[in-house]
Amino acid sequence: MRRPNSTYAVTSLVLILLCVNPLIETMEGKSAILFMFSHYALFFAGFILSYRSLRWNWYTLIAGVSLAAFWHFPVPFALSGAFLLYRIMEEGSMVAAGFLVGAAVEPLPSVTRPVLFGLWIAADSALSVVFIIHPSLYSSGDISYSPFSAAQFVLLGVLMIFFMNSVIGVFVYVYAKRYRALISAE
């Protein structure tokens, strides 16, 4: 086990404080976009705390993915958006899920990591499509206590697609840069 990088710890703390504070909590209860993007930030905050510093088994990965996925089903999503108690549980779960996934990724075979990345992109893209095609599934249209309107989910779905494409672009750039250095060395 390696010692966690202090830069990652500080970054993680900053991300958590940016997402978990009274102002943002109030806004998250009204904005599906802010709410969803705080999911990304909190998951990433947990992930960077454990990635490359812990080496846990792959069961941890399944636990982390399951925990994160749970909060993206319509009823838990609406509950955590509407009620502070559920949001606190959701936010803690997202950090914990990121931590569990980060701890399990490093010891996996190198070919498995891009596959997991692709599965995340595919799952998030599928959720984006659901938000765009059937926004009432998550909104006050189908769930009476959901604080979010259907129109917010349509815009959220589009923004998530842009975000996923940006993440893919960074991923491709990093790998292309790494492999270009390997090819140039030969």
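A quick note: this is a predicted structure, and the numbers were derived from the prediction, not measured.

Caption draft 1: Representation of the nonpolar core. The biggest cluster of nonpolar side chains holds 16 residues, and the ones touching the most others in it are Met36, Phe77, Phe131, Phe153, Leu156 and Met160. Counting residues per element, the ones that place at least two in this core are helix H3 (32–50), helix H7 (112–133) and helix H8 (150–185). With five residues, the single largest contributor to this core is H8. Discounting residues that sit within four places of it in the chain, Met36 has contacts with His72, Phe77, Asp124, Leu127, Leu156 and Met160. Counting residues in hydrophobic clusters, the runner-up holds nine residues, among them Ala68, Met94, Val95 and Ala97.

Caption draft 2: Quick peek at the packing of aromatic side chains. Following the criterion strictly, the structure yields 23 aromatic pairs and no others. Ring geometry for Phe148 against Phe153: centres 5.8 Å apart, planes inclined by 85 degrees, an arrangement best described as edge-to-face. On the basis of relative accessible area, Phe148 is assigned to the buried category, the value being 1%. Residue class for Phe153 comes out buried when judged on its relative accessible area of 0%. Put simply, the rings of Phe37, Tyr40, Phe117, Trp120, Phe163, Phe171 and Tyr175 touch in pairs and so form one group of aromatic residues.

Caption draft 3: Inspection of the side chain of Ser139 at higher detail. If you trace the backbone, Ser139 turns up in the loop between H7 and H8. By relative accessible area, which is 1% here, Ser139 ends up buried.

Caption draft 4: A look at the UniProt feature "transmembrane region" (unreviewed entry) in the protein. According to UniProt, the positions carrying the feature "transmembrane region" (unreviewed entry) are residues 32–51, 58–86, 92–108, 115–133 and 153–176. Overall, residues 58–86 shows 86% helix and 0% strand. The separation of its end C-alpha atoms is 28 Å. Between the end C-alpha atoms of residues 115–133 the distance is 27 Å, and the span holds 100% helix and 0% strand.

Caption draft 5: Up close: a nonpolar patch on the surface. A surface patch of nonpolar side chains, amounting to about 720 Å² of accessible area, comprises Val129, Ile132, Ile133, Val154, Leu155, Val158, Leu159, Ile161 and Phe162. Looking at the nonpolar patch, the elements with two or more residues in it are H7 and H8. When residues in the nonpolar patch are grouped by element, the largest group, six residues, is from H8. Relative to the helices and strands, Ile133 resides in helix H7. Relative accessible area serves as the criterion here: at 66%, Ile133 is assigned to the exposed category.

Rules behind the numbers
Residues numbered from 1 in each chain as written. Predicted model: local features only at pLDDT ≥ 70, side-chain atom pairs only at ≥ 80, totals over all residues. Heavy atoms only, no water. Core = buried A, V, L, I, M, F, W, Y, C linked by side-chain atoms within 4.5 Å. Buried < 20%, exposed > 50% of the residue type's maximum accessible area, 1.4 Å probe, protein only. Helix = DSSP H or I, 4+ residues; strand = E, 2+ residues; numbered from the N terminus. Contact = heavy atoms within 4.5 Å. Phe/Tyr/Trp six-rings, centres within 6.5 Å; stacked < 30°, edge-to-face > 60°. UniProt positions renumbered as here; feature names shortened; annotations may be inferred. Patch = residues over 30% accessible without salt bridge, like charges linked within 9 Å, V, L, I, M, F, W, Y side chains within 5 Å. Areas by Shrake-Rupley, 256 points an atom, 1.4 Å probe, with all protein chains shown as cover. Salt bridge = Lys/Arg side-chain N within 4 Å of Asp/Glu carboxyl O.

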